[in-house]
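Structural overview
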Amino acid sequence: MGNCTILHIVRTDPSLHEPMYYFLAMLSLTDMGMSIPTMITLLRVLWSISREIQFNTCVLQMFFIHTFSFTESSVLLAMALDRYVAICHPLRYATILTPRLITKIGIAALLRSALPTIPLLVRLAYFPFCRSHILSHSYCLHQDMIRLACADIRFNVIYGLVFITVLWGMDSLGIFVSYIFILRSVLRIASREGRLKALNTCASHICAVLILYVPMIGLSIVHRFAKHSSPLLHIFMAHIYFLIPPVLNPIIYSVKTKQIRQGILRIFHTSKY
């Protein structure tokens, strides 16, 4: 609901047709792409419709979940670069981040997340599953599926670890470097009000980064070092990772971004009449 509202506001308000809001729309789309496949099976379990999932459906769900979770990290990197250009090169902001470049960035973020995921899922399709067919979560994850396979899974484990390390490592490093340059530029601003105003434009993005990376690190630690802990811990951490960002990101940007807040108020005002 929140992400749909942000997409509607950005699409219908011409004053928001700027790079920052295009990237925000991308973030909302990736949040929806990550949460919708998860919510479908979660609601089926909660409503006692079915506790089973077909293998092909499981692989497809896995593809969407992993692709959009990786894409969200790439979008956050693009948003960090957007803040870097806006603060460090404000006079060239519109000429550097053109709609054409933003479109290319969005396509590249999706492809760099989707294409490397395919080999893992193709190999998974040929694995025999002779052990328990019970998943740890209410949806399908690669690290959960290979645990059930009766085959040599070393390629999937090593490839998956390298892929995640390189992709998330590059994204987090890019975000970190962007903020080093941003802070350096902010500290050069003479007035205290100017420095606070510049930093305030980054507050929502910093919160979005923490909302994605902190649960992701927590989930990775649980899978790596707490394999024999309570299954409820695994389920709890996984649901935080996949459901909290899509819920909190729209709230944060609605509270911290004046233009989005005004757009929401316009929707409520229009609905009254």
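Parameters and conventions
- Residues numbered from 1 in each chain as written.
- Predicted model: local features only at pLDDT ≥ 70, side-chain atom pairs only at ≥ 80, totals over all residues.
- Heavy atoms only, no water.
- Patch = residues over 30% accessible without salt bridge, like charges linked within 9 Å, V, L, I, M, F, W, Y side chains within 5 Å.
- Areas by Shrake-Rupley, 256 points an atom, 1.4 Å probe, with all protein chains shown as cover.
- Salt bridge = Lys/Arg side-chain N within 4 Å of Asp/Glu carboxyl O.
- Helix = DSSP H or I, 4+ residues; strand = E, 2+ residues; numbered from the N terminus.
- Buried < 20%, exposed > 50% of the residue type's maximum accessible area, 1.4 Å probe, protein only.
- pLDDT = per-residue confidence, 0-100.
- Expected span 1.5 Å × (residues − 1).

Here the focus is a nonpolar patch on the surface. On the surface, a cluster of nonpolar side chains totalling about 620 Å² of accessible area is made up of Ile 107, Leu 111, Leu 115, Ile 118, Val 122 and Tyr 126. When residues of the nonpolar patch are traced back to their parent elements, those giving at least two are α5 (99-114) and α6 (117-125).

Moving on to the pattern of salt bridges. Applying the stated criterion across every chain, the model contains four salt bridges. Arg 112 is the partner of Asp 171 in a salt bridge, and the nearest nitrogen-oxygen pair spans 3.0 Å. Remark: Arg 112 occurs in helix α5 and Asp 171 occurs in helix α8 (residues 154-187); sequence separation between them is 59 residues. Its relative accessible area of 0% is what places Asp 171 among the buried residues.

Once that is clear, we can look at the confidence of the model for the protein chain. Parts of the prediction with low pLDDT should not have their coordinates interpreted in detail. Confidence along the protein chain averages 84 in pLDDT terms, with 92% of residues attaining 70 or more. When the elements of the protein chain are averaged for pLDDT, helix α11 (residues 258-272) gives the smallest value, 76, and α5 the largest, 94.

Let's shift gears to helix α3 (residues 55-88). Between the first and last C-alpha of α3 there are 49 Å, a value that for 34 residues agrees with the 50 Å anticipated at 1.5 Å per step. With respect to burial, α3 is a largely interior element, 25 of its 34 residues being buried.

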